[in-house]
Amino acid sequence: CNKYHINPNKIKVIRNIIDYKNLDKAIANNITCYKNSDYNIVASGALYSVKGFDILINAFALASREIHNAQLYILGKERYELGYQKYLENLIEILGLTNKVHLLGYKENPYPYYKDADLFVLSSRTEGYPNVVLEALYYGTPVIATDCVDFSGVIVEGINGYVIKRESIKDMYKAIMLAHDNLRKPITYIPIENFDYSKIFV
């Protein structure tokens, strides 16, 4: 501001932009992705350690002992880190979760999975501001996210999700249990005003 002599009161920070019309189109003809009788948890992103899917799987192993109909679906293919997918596959097998954790690979249209899920989880160790959180919330799906970025004003504890410490299996497990016990679709708080493409660019 000082360098360019701009009044800071005239500056507005736009974190991310979501085109909600396209999100509506993406689910226009979708079929149900999951069994309705299950508690379906979804996560998505490139398969490498930054995304923290190993933490999520370990936490899910604990939660699934109490939520007997829980299923975890992870969308994305291996990138950047050769061998991470195999590591996850081995972890799933060791934990006895082969019928409960599903690595679905890349999905050209992941949005029906966000819409139909009971819970979306962002388990990242680090992250840029993640559109997937906003997209899941738009579809009325509760969200658990790590504190890899500032989610203030977006995720409201116990209303539309929970924010937890990064790299904590224990906190992830507790949040999954809280979400299962306390949050049901559709969530009542969907913070779209500050991210709406149609309102920002008119």
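A short tour of the structure in this document, coming up.

## Regarding helix H2 (residues 53-63)
Part 1 of the reasoning: Along H2, nine of the 11 residues are buried, which leaves the element largely enclosed by surrounding structure.
Part 2 of the reasoning: Residues of H2 that are buried include every one of Phe 53, Asp 54, Ile 55, Leu 56, Ile 57, Ala 59, Phe 60, Ala 61 and Ala 63, and no others.
Part 3 of the reasoning: Buried-residue contacts for H2 involve strand S1 (39-44), strand S2 (70-75), helix H3 (84-94), strand S3 (101-105), strand S4 (119-122) and helix H6 (169-182).

## Re the nonpolar core
Part 1 of the reasoning: One finds Ile 57, Ile 144 and Ile 176 to be the most contacted residues of the largest nonpolar core, which totals 32 residues.
Part 2 of the reasoning: Put simply, the parts of the chain that give this core at least two residues each are S1, H2, S2, H3, S4, strand S6 (161-164) and H6.
Part 3 of the reasoning: Element by element, the count of residues in this core is highest for H2, at seven residues.
Part 4 of the reasoning: Beyond its immediate sequence surroundings of up to four residues, Ile 176 is in contact with Ile 41, Leu 56, Ala 59, Phe 60, Ala 63, Ile 67, Leu 119 and Ile 144.
Part 5 of the reasoning: Membership of the second largest hydrophobic core comes to 30 residues, among which are Val 42, Val 132, Tyr 139 and Cys 148.

## A look at the sheet that holds S2
Part 1 of the reasoning: The strand order S3-S2-S1-S4-S5-S6 describes an open sheet built from six strands, whose pairing is parallel. Of all the strands in the sheet, just S3 and S6 have a single pairing partner and so form its edges. Neighbour to neighbour, the strand axes of the sheet diverge by 20° on average, direction disregarded.
Part 2 of the reasoning: Pairing of S4 with strand S5 (residues 143-146) involves three bridges; the strand directions are parallel. Note on S5: the bridge partner recorded for Phe 120 is Val 143.

## Let's talk about the pattern of salt bridges
Part 1 of the reasoning: Across all of its chains, the model carries five salt bridges by this definition.
Part 2 of the reasoning: Among the ionic pairs, Arg 125 bridges to Asp 54, the shortest N-O distance being 2.8 Å. Placement of Arg 125 in the loop between S4 and helix H5 (131-138) and of Asp 54 in helix H2 is noted, with a sequence separation of 71 residues between them. Grouping residues by exposure puts Arg 125 and Asp 54 together as buried.

## Comments concerning the packing of aromatic side chains
Part 1 of the reasoning: Inspection of every chain in the model, using the stated rule, returns eight aromatic pairs.
Part 2 of the reasoning: An angle of 50° between the planes, with centres 4.8 Å apart, marks the rings of Tyr 34 and Tyr 73 as tilted. Of the two residues, Tyr 34 sits in the loop between helix H1 (20-26) and S1 while Tyr 73 sits in strand S2, which places them 39 residues apart along the sequence. With respect to class, Tyr 34 is no different from Tyr 73; both count as buried.
Part 3 of the reasoning: Taking the centre distance of 6.0 Å and the plane angle of 75° together, the rings of Tyr 34 and Tyr 113 count as edge-to-face. Placement of Tyr 34 in the loop between H1 and S1 and of Tyr 113 in helix H4 (residues 111-116) is noted, with a sequence separation of 79 residues between them. No difference in accessibility class separates Tyr 34 from Tyr 113, as the two residues are buried.

Calculation criteria
- Sequence positions are assigned chain by chain, starting from 1 and proceeding in written order.
- Under the rules for a predicted model, residues below a pLDDT of 70 receive no local features and side-chain atom pairs below 80 are neither given nor counted, while totals for whole chains, interfaces and linings still include all residues.
- Calculation of side-chain values draws on the structure's entire complement of heavy atoms; hydrogens and water are dropped beforehand.
- To sort residues, take the accessible area from a 1.4 Å probe on protein chains only and compare it with the maximum for the residue type: under 20% means buried, over 50% means exposed, and anything in between is partly exposed.
- Going along the chain from the N terminus, every DSSP run of H or I of four or more residues is numbered as a helix, and every run of E of two or more is numbered as a strand.
- Note on definitions: a residue-residue contact is assigned when non-hydrogen atoms from the two residues lie within 4.5 Å.
- The set of buried Ala, Val, Leu, Ile, Met, Phe, Trp, Tyr and Cys residues whose side-chain atoms join them within 4.5 Å is what this entry labels a nonpolar core.
- Strand pairing is assigned whenever DSSP detects at least two bridges linking the two strands.
- Orientation is described by axes fitted as lines to C-alpha atoms, over the contacting stretch for helices, and by angles from 0 to 180 degrees between their N-to-C directions.
- For salt bridges, the criterion is a side-chain nitrogen of Lys or Arg within 4 Å of an Asp or Glu carboxyl oxygen.
- Within 6.5 Å between ring centres, the rings of Phe, Tyr and Trp (the latter by its six-membered ring) count as paired, and their orientation is classed by plane angle as stacked under 30 degrees, edge-to-face over 60, tilted in between.

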